[in-house]
Amino acid sequence: MISEVLYEHDDFLVIDKPAGIGMHQEAEQPGIVTLLSQQLGGQPLWPVHRLDKVTSGALLLAKNAEAAALLSGQFAERQVEKFYLALSDKKPNKKQGAVIGDMQKARRGQWKLLPSKLSPAISQFFSSGLGNGLRLFIIKPRTGKTHQIRVMLKSLGSAILGDSLYAGTPSDRTYLHAFALQFEYQGQQHQIVSVPGYGQYFTEARCQQALQDLLSPWQLPWPHLNLKRTAL
C-alpha cells in the first residue's frame, strides 16, 4: 500500500502522503496521484493542493472534476485551514508569532524571504522544546507559496531538520509534515488530522506525547492578523 487513506467522502479523500514521493511523475518515478489511483483500482483523482516531495502528511484529492473545482476554489480563497509540524535542532530567534514577507527565487532551486510585503507569504507558528535538543513547531500558513514553511523556518534561524536544500542538519528525513486540514464542504465541516508515523524523531515518545496537546490545532490561540485581502 502506497498511502493510508485517512478519510473518504463520495467526492474526495484525504491520504497520508509519504515523504520522498512527488506529486507527479519525475523521470521513471510515478507521482503520488498515479500511484494512489492504481492503489484504488484506477479511481480518477484530481489533486486539490500540493505538498513538496520531502513533505509527508495530509493531502486532499478530489474524485471528480466538480469537487476539484469547488475545493480548489476554497484553497484559493483561503477558506481551508492548514496546519503543519516541523522539527529543528536550531534555536529560533523568536518562539512564536508570524513571519510575513515576499518570496523570491534564489540559487539552486531555493527561495528566499524579502522584507517587502507586496504579495507576501504569511505564516503563524508556535514552538516548544522537546527536551532532546529539538524544537517542535506547529505552523498555520495563511498563504500557499512554494517552499513557504521551509523558507520561513530558515529565516528564523531554525532550518528544518534534514532539509538539505535550506541548510538543515542532515537526518533520516526532512522533518516537515502536513498535520491537519479543516474545511467545509456542502455544508458539512471536515477536520482531518495526520499524526506523523515515519521518522526517528517524529516517532520518539517525547514528540508523540507533545502532539497529544495539538490534536485540535484549530483551537489553539492563533492571534488575529489584521491584513487587508487586497494587500496579499
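Bear in mind the structure is a predicted one, so any value in this text is a computation, not a measurement.

Definitions and cut-offs
Residues numbered from 1 in each chain as written. Predicted model: local features only at pLDDT ≥ 70, side-chain atom pairs only at ≥ 80, totals over all residues. Heavy atoms only, no water. Helix = DSSP H or I, 4+ residues; strand = E, 2+ residues; numbered from the N terminus. Rg over C-alpha atoms; globule rule 2.2 N^0.38 Å. Buried < 20%, exposed > 50% of the residue type's maximum accessible area, 1.4 Å probe, protein only. Contact = heavy atoms within 4.5 Å. Areas by Shrake-Rupley, 256 points an atom, 1.4 Å probe, with all protein chains shown as cover. Core = buried A, V, L, I, M, F, W, Y, C linked by side-chain atoms within 4.5 Å. 1 Å grid on protein atoms, 1.4 Å probe; cavity = no way out; pocket = protein on both sides within 12 Å on 5 of 7 lines; lining within 4 Å. Points joined across faces, edges and corners; volume = space filled by probe spheres on them. Nonpolar A, V, L, I, M, F, W, Y, C, P; charged D, E, K, R; others polar.

With that settled, the discussion passes to the overall build of the protein. Regarding its fold elements, the protein presents 4 helices and 12 strands. The globule rule puts the C-alpha radius of gyration for 232 residues at 17 Å, and the 17 Å found for the protein is close to it. On the principal axes, the C-alpha backbone points of the protein span a range of 45 × 40 × 40 Å. In the protein, buried positions account for 48% of the 232 residues. Put simply, of all contacts in the protein between residues at least 6 apart along the chain, 62% involve residues at least 24 apart. Summed over its atoms, the accessible surface of the protein is roughly 11300 Å², and 49% of this surface lies on carbon and sulfur atoms.

Before going further, it helps to spend a moment on the nonpolar core. Counting residues in each nonpolar core, the largest one holds 45 residues, and the members touching the most others are Leu61, Leu85, Leu136, Ile138, Ile139, Leu153 and Leu214. Top element by residues in this core is strand E5 (residues 81-88). It accounts for 5 residues. Apart from the residues within four sequence positions on either side, Leu85 is in contact with Leu136, Phe137, Ile138, Tyr175, Leu176, His177, Phe179, Pro196, Phe202, Leu211 and Leu214. Among the nonpolar cores identified, the runner-up in size contains 15 residues, and Val48, Ala67, Leu71 and Tyr185 belong to it.

Our focus in this paragraph is the layout of surface pockets. Volume-wise, the largest pocket comes out at about 690 Å³. Considering the residues around the largest pocket, the lining is formed by 29 residues, among which Lys82, Tyr84, Thr143, Gly144 and Lys145 are closest to the centre. Here the lining of the largest pocket is built from residues that sort into 12 nonpolar, 8 polar and 9 charged.

With that out of the way, let us pick up the environment of Gly57. Note on placement: Gly57 falls in strand E4 (residues 56-62). Remark: the alpha-carbon pair of Gly57 and Leu114, spanning 57 residues in sequence, is separated by 28 Å. Not counting the four nearest positions on each side in its chain, Gly57 is found in contact with Ile15, Asp16, Lys17, Leu51, His177, Ala178 and Ser194.

In this structure, His147 takes a positive phi of about 60° despite not being glycine. Here His147 shows up in the loop between strand E10 (135-141) and helix H3 (148-155). With relative accessibility at 14%, the residue His147 sits in the buried group.

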